[in-house]
Protein chains: 4
Amino acid sequence: MPNAIKPWVFTASCPSKLGTVDVVTRYMAEAGNYVDEIHSFDDRVSKRFFIRIEFQPTEADFSAEKFDAAFGPRASEFEMEWELTEPEHRPRVAILVSKYDHCLNDLLYRHRTGQLNIEIPVIISNHPDLEHLAEWHGIPYYHLPITPDTKPEQEAEIVKLLEQYDIELVVLARYMQVLSPWMCEQLNGKAINIHHSLLPGFKGARPYHQAWEKGVKMVGATAHYVNNDLDEGPIITQGIQTVDHAFYPEDLISKGQDVERVTLFNAIRYHIEKRVFLNEGRTVVFSS
Amino acid sequence: MPNAIKPWVFTASCPSKLGTVDVVTRYMAEAGNYVDEIHSFDDRVSKRFFIRIEFQPTEADFSAEKFDAAFGPRASEFEMEWELTEPEHRPRVAILVSKYDHCLNDLLYRHRTGQLNIEIPVIISNHPDLEHLAEWHGIPYYHLPITPDTKPEQEAEIVKLLEQYDIELVVLARYMQVLSPWMCEQLNGKAINIHHSLLPGFKGARPYHQAWEKGVKMVGATAHYVNNDLDEGPIITQGIQTVDHAFYPEDLISKGQDVERVTLFNAIRYHIEKRVFLNEGRTVVFSS
Amino acid sequence: MPNAIKPWVFTASCPSKLGTVDVVTRYMAEAGNYVDEIHSFDDRVSKRFFIRIEFQPTEADFSAEKFDAAFGPRASEFEMEWELTEPEHRPRVAILVSKYDHCLNDLLYRHRTGQLNIEIPVIISNHPDLEHLAEWHGIPYYHLPITPDTKPEQEAEIVKLLEQYDIELVVLARYMQVLSPWMCEQLNGKAINIHHSLLPGFKGARPYHQAWEKGVKMVGATAHYVNNDLDEGPIITQGIQTVDHAFYPEDLISKGQDVERVTLFNAIRYHIEKRVFLNEGRTVVFSS
Amino acid sequence: MPNAIKPWVFTASCPSKLGTVDVVTRYMAEAGNYVDEIHSFDDRVSKRFFIRIEFQPTEADFSAEKFDAAFGPRASEFEMEWELTEPEHRPRVAILVSKYDHCLNDLLYRHRTGQLNIEIPVIISNHPDLEHLAEWHGIPYYHLPITPDTKPEQEAEIVKLLEQYDIELVVLARYMQVLSPWMCEQLNGKAINIHHSLLPGFKGARPYHQAWEKGVKMVGATAHYVNNDLDEGPIITQGIQTVDHAFYPEDLISKGQDVERVTLFNAIRYHIEKRVFLNEGRTVVFSS
C-alpha cells in the first residue's frame, strides 16, 4: 500500500457565479497540481460558493509564491477569498483554561502523540491549578487571576500574550469566563469555545443543572466560534450523550466531559485542516 | 430455548421509606409470583421510590382481585400508588393527526404486525387527508375541522369521542394544533405528544426552520406527556440525527421524520409497558 | 428562501491521472452548467479517481445528447466511465421479498410519499403473504414459489420478469433465498441485498441467533451489492443498534428490523442518487 | 439537593427459583439497609438469577461481618454466590501494555481525577516505551521483554508480580501479546482485554487492516473477559464508529483509538461497580 503523503490544502469562498469551480480546477491542472480530494458547495440561500481541495504538487519548482502570483489575478475576478496551507504548517494555538482539566488533558495528549498537528506555545488560566500539566508537557503557563474589577487589565494581558506568542488560534477549553465585548472583538473568528450543552438549548451558566431540571434524556456539547454574542457564535460541531433519570447533575457533569473533549477536539481538527467556512452566522464544514 | 411467556407487570411509587422494596417483593414471594425482572429507583431529590416488576403467577387461583385484596392493605401503609397490568391487556389508544402521515403510518404498521400491543379504535384529525390510511386498516376516522372560532366546540367533540371509545391513551402524532388550557387539562398525564426538536431547544412553531437559522449540526425529536404548559410536559424520550450545511429546512424536515416516528414509537412502547413514572415534572423511565 | 431545483447529476470514474478533475469541470464551465456540489476522491491504493457533480444547465439548448457529443471525446482520453442522470429520472426498481414485510412496507411508504424517487413496477415473492400490501399500492405482485428442484426455473422466471418490466435495480428486501451462481451473475452489480448482521460478522443463516449465542452487545445490518459470493458483495452502508442481556433471539429480530429497513433505504437512496461507486470489491460512497 | 453518598453494593447469582428476590430484599429490610436501586434479571435460557442492589446501612452497628453471618445461611438455601462491596473499596488493578499509550493515558487520567475509583499499584509492559507515563503518575513500571523462547518465564514473572502487588483485576490495555493457555488459565475471569474490532468480526491480528480490506462502513472495539479461547471471552461491552471510503488502514487505527479507550473504560467501570455477571459464556450487565 502506497504511503500517505500529507497534501497541500487549498480553500476558497466567493459569491456564487458560473465558473467558480473551473477557475480553481483549471489552474490546478495547468500548474501540475495533482488533486486528491475536492468538496465544493454552493449555498442557494446565502449565494456563496465554498471549496476545499487536497492536492500534491508535481512540478519541481512549485512554491506558494508562484501559486499566489499565477492564481491571484484569476481569483480576483471572482472576488474570491482563498488560502493555501502547506503540509508542514502547524498552527500556533493558545489554550485558555480555568480549573477543569478534561479538555486540556485530552488536547495535550493528542498534541503529544501527533493526532493534533499544532504547536501549543502557551497555556493561559485564571487559576493556578493546571500548571503541573503544562509543566509536564514543557509548555509555558501564565496564571492571570481575574476579578470583576481587574477584568479589563487581565484581558489586555491575555491579548498581549497572544501577540507575543504569535498565536493563530485560541481555544477556550472550558475557560468559564464571560468575555467582555472588547475581548470578543479581539478573538472574533479566531477562537473556538466549547459550551457544555447542545446550543441553543441551555445557554449561559450551569447548563447541566438546567438540563437536569428539565429532565432531558440527552445532553450534549457544542463547539463554536467566539463572536460578539455570548454562546451565539457560529456552530462548528456538536456531540451528544444519552442519559436517564438516575443521572443527578453531578453525574451529567461527569458523563458530559467525554462528549465535551471529543467535540472540542473535532472542532479544532476541522479548523486546522481548513474544513470550516463562515457562512452568514452559520458554518459550512467539509468534515471527514 | 424455552418460549417467551408474556409477564404480568406490577408498578408502584410512593414516598421514600425503609422497606418499600420489601413490602412488594415479600408479597410476591408469599403469593407464589415468579419474578422475571425488577427495576427500582429511589430519587434522593424528590424523595420518591419507583419500582417495576415483571412476574408470572405460579398459583392456579391467581387473580388480580386476589392480588388487590391481599396486597392493598400492605401498600396503604406506604401510601403506595400501584398498578397491576395483565399480559393480555391492550390499551385503547386514540391517534390525533393533522396532514403529516409519517408517524401515523409507522404506528399503524407496528400495530398491524403486533410490535405495538395496543387497540386503535379511533383516529381523529382536523383534516381529511389521512382517511384512506385509516380505512385500509379498518379504523374509524373522524374529520373534525378547526378554526379559531370553532376550537372550543371541536375540542369538546374530541373529548366526547375519547369517552365514547373508552380511550386510555391519546397520541398526538404530529397533530399540529395548540391545545387550549381546557383541552390540556382533559389530557393531562394521559396524552403523549411528539415535538420535532430536542426540547427545550426550539419550542413552538417551525422548529426545523429555527434549527436551520442557528446552523445546528444535530436535529432531534422529543416525546413528552401533555400538560398545561405547551412543549413543557415531562419528557419521556428523545432522538437525534446528525446534519450538515447541505441540509436546507426542507431537508431537515424530511430527515427528521425518521427520528420523530421512532422516538414517538419508543415513548408509546415505554408507556404501555408501564416503564414510565411521573416524578415532579420529570420522568423515571425503566427502559429496555 | 429560493426554491430547491432538482439538479442533474454527473458521475464518473477512471484510472488516476493528472487532469481528471479538470477535464470534467472545464467542460461544465464551457457548457454553462452551474455546479452546486462536487465530491471527488482519488484512491491511492486502487489508483482510481471518482467524481460526482450536481449541476443545473443554464443554456437553453442543453441536452443529454449535446453533453454526450461534446464531452464524450474528452472523457475517452482518460478512459473515463461516466454517466449523466437527469432530474426527472426515476429508476425502475423491482422488489423481491419473502414473508417479512418490514422492509417492503417501509420502501412502499417512502415511495408513496416521494421520499424515494423511484418507480416500483413489480414485486416478486416466493410466498403469497405480502400480496395485499402490493395490491393496496397498486403494484403487480408475482408469487413464484420455489423448491430445491424448481430453483432454476423460478430464477429464470424472475429474470424474465425483470426484463419484461425493464428493471434497472433489484432490491432484495429480506428475500431469504440463497441465489444460484447463475442468478448472482444475472444480478451482478445491479441488485442490493440487506443482510441482518454487521458483515462480515455472522454471515449465513440466522445471524441474530448467532449474535445471541456470542452475547454481543450490538447488532447491525449491512446493505451490499449482490455479487457471485454470498454475503460478500461490496458493502454500501451499515447500521447498528445497542442491545443487552435481556434480549432473547426473538427480541434481537424484532429490534433489528428498524435498523434493517433504515439501512436498506439509505443504500437504495445512495444508489439512485448516484452516490455509490464500485472500487475493487469495496465502494466509494459520497453520502449526504 | 442532598449530597450523593456512595452506596454499598450487593450482588448475587444463583439457579432460578421462586423466592430468590425475596430472600435478599427481606434481609435488607430486616437489617435496616436502605435500598437505592435494584436491578434483577432471571434468564429463562440459562435458568440463572442475577441481582444487584445499591444500599445504605441505617443501623449503627452495621458491618460486613454481621451481614455475612446473618445473610449467609439464608443464601445457602438458594446456592447463591454473593458478594458485598463496601463504598470505600478501591480494587487493585494492574495494567499491562505494549507500545500504544492511548488506553493507558486515558485510564491514568480517569484514575487521577477520581472518575475511575481504583488503585493502580503496578504497570507491566514488554516494552520500555511507556515508562515515562507511569513515572509521572508515580506508579512502578516493570519492563519484562518477551521472545517466543522466554514467554513462559516472562508470563511467570507477570503472575508473580500480580501476586506480589495483591492484584484483583488485570487490564490488558492493548498488550498485543497472545497469552499462553497457562497464562489464560491464571487470568481466567479476572482480566479484561480490549480488542480493536467488533467481535466476533475480525478476530486475530491487524483487525483494522482486515476491516479496510472488506470495505466496512463501521469499525468498533470489544471489551471482554480473558478466558482460554483467544478473542472468545465473554463480551462486556462494545463501541462503534462510522467510517467511509476515505479511511485508509492508518486512519482506521487512529480513529479507532477513541472508541477503544472509551469502551475499555466503560468495561472496567462496569466491572468494578459490580455490574457484570458471567452467564454461560455471555454476560449480564446492569449498565447505567
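Position labels on residues start from 1 in each chain and follow its written sequence. Lettering for chains starts from A, numbering for ligands starts from 1, and both go in the order in which the items are written. Totals for whole chains, interfaces and linings use every residue, but because this is a predicted model, local features are given only for residues with pLDDT of at least 70 and side-chain atom pairs only at 80 or more, for both listing and counting. Derived side-chain values reflect all non-hydrogen atoms in the structure, with water molecules and hydrogen atoms excluded from consideration.

(A) Just the relation of the copies chain C and chain D, in detail. When the copies are overlaid, the least-squares fit takes in C-alpha atoms only where the residue has pLDDT of at least 70 in both copies. Mapping chain C onto chain D is achieved by rotating through 180° and translating by 0.0 Å along the same axis, at an RMSD of 0.0 Å. Look at the turn and shift together and you get a two-fold axis relating the two. Scanning chain C for the C-alpha nearest the rotation axis identifies Gly-201 of chain C, at a separation of 2.2 Å. Two residues form a contact once any of their heavy atoms are found within 4.5 Å. When the interface residues of chain C are mapped onto chain D, 100% of them are again interface residues, pointing to one common binding face.

(B) Examining helix α8 (residues 249-272) of chain B more closely. Residues and elements named next belong to chain B. Numbered from the N terminus, helices here are DSSP runs of H or I no shorter than four residues, and strands are runs of E no shorter than two. The length a helix should cover is 1.5 Å for every residue beyond the first. An ideal rise of 1.5 Å per residue puts 34 Å on 24 residues; α8 measures up with 34 Å between its terminal C-alpha atoms. Here the bend at a residue is taken as the angle between two axes, fitted respectively to the seven residues that end there and the seven that start there. In the structure, α8 departs most strongly from a straight axis at Gly-256, where the bend amounts to approximately 30°. Only protein chains enter the accessibility calculation, which uses a 1.4 Å probe; a residue is then buried when its area is under 20% of its type maximum, exposed when over 50%, and partly exposed in between. The buried fraction of α8 is high, at 18 of 24 residues. Just downstream of α8, Lys-274 is the residue with a positive phi angle, here 60°.

(C) Representation of the UniProt feature "active site" (unreviewed entry) in chain A in the model. The UniProt record marks Asp-231 of chain A with the feature "active site" (unreviewed entry), using the residue numbering of this structure. Inspection of the secondary structure assignment puts Asp-231 of chain A in the loop between β10 (218-225) and β11 (235-242). UniProt positions are given in the numbering used here, feature names are shortened, and annotations may be inferred rather than shown by experiment.

(D) Spotlight on the UniProt feature "domain: Formyl transferase N-terminal" (unreviewed entry) in chain A. With numbering aligned to this structure, UniProt lists the feature "domain: Formyl transferase N-terminal" (unreviewed entry) at residues 92-267 of chain A. Counting secondary structure, residues 92-267 of chain A comes out at 37% helix and 23% strand; the distance between its end C-alpha atoms is 16 Å.

(E) Representation of the interface of chain C and chain D in the model. Taken together, the 33 residues of chain C in the interface contact 33 residues of chain D. For the chain C and chain D pair, buried surface summed over both sides reaches about 2900 Å², with 62% attributable to carbon and sulfur atoms. Here's the idea: put two parts together, see how much 1.4 Å probe accessible area each one loses, and the total over both is what we call buried area. Of all residues in chain C, Lys-217, His-245 and Tyr-248 of chain C bury the most surface against chain D, accounting for 23% of the area lost on that side. Any carboxyl oxygen of Asp or Glu within 4 Å of a side-chain nitrogen of Lys or Arg constitutes a salt bridge here. Summed over the shared surface of chain C and chain D, the result is four salt bridges. One salt bridge connects Lys-214 of chain C with Glu-232 of chain D, and the closest N-O pair in it is separated by 2.9 Å. We call two N or O atoms a polar contact when they sit within 3.5 Å, provided that within protein one can donate a hydrogen and the other can accept it, with sequence-adjacent residues counted only if both atoms are side-chain atoms. Linking chain C with chain D are 14 residue pairs in polar contact (both at pLDDT 80 or more). When residues of the side of chain C that touches chain D are traced back to their parent elements, those giving at least two are β2 (33-43), α7 (207-214), β11 (235-242) and β13 (282-285) of chain C. The biggest single contributor to the side of chain C that touches chain D is β11 of chain C, with six residues. Taken together, the residues of the side of chain C that touches chain D sort by class into 17 nonpolar, seven polar and nine charged. In the scheme used here, Gly and all other residues not listed as nonpolar or charged are polar, with Ala, Val, Leu, Ile, Met, Phe, Trp, Tyr, Cys and Pro taken as nonpolar and Asp, Glu, Lys and Arg as charged.

(F) Region of the structure containing the sheet that holds strand β6 (residues 119-125) of chain B. All names here are of chain B. Strands were regarded as paired on the criterion that DSSP finds at least two bridges between them. Strand order in the open sheet formed by seven strands is β7-β6-β5-β8-β9-β10-β11, and the pairing between neighbours is mixed. Here the strands that pair on one side only, and so sit at the sheet edges, are β7 (141-143) and β11 (235-242). Along the sheet, successive strands turn relative to each other by an average axial angle of 15°, direction set aside. The pairing of strand β8 (residues 169-172) with strand β9 (residues 191-195) spans three bridges and is classified as parallel. Across the sheet, the residue bridging to Val-171 is Ile-192, located in β9. Contacting β5 (92-97), β6, β7 and β8, helix α5 (residues 151-164) runs over the sheet at an angle of about 170° to β6. Simply put, an axis is a line fit to the C-alpha atoms, just over the touching stretch for a helix, and the angle between two N-to-C directions goes from 0 to 180 degrees.

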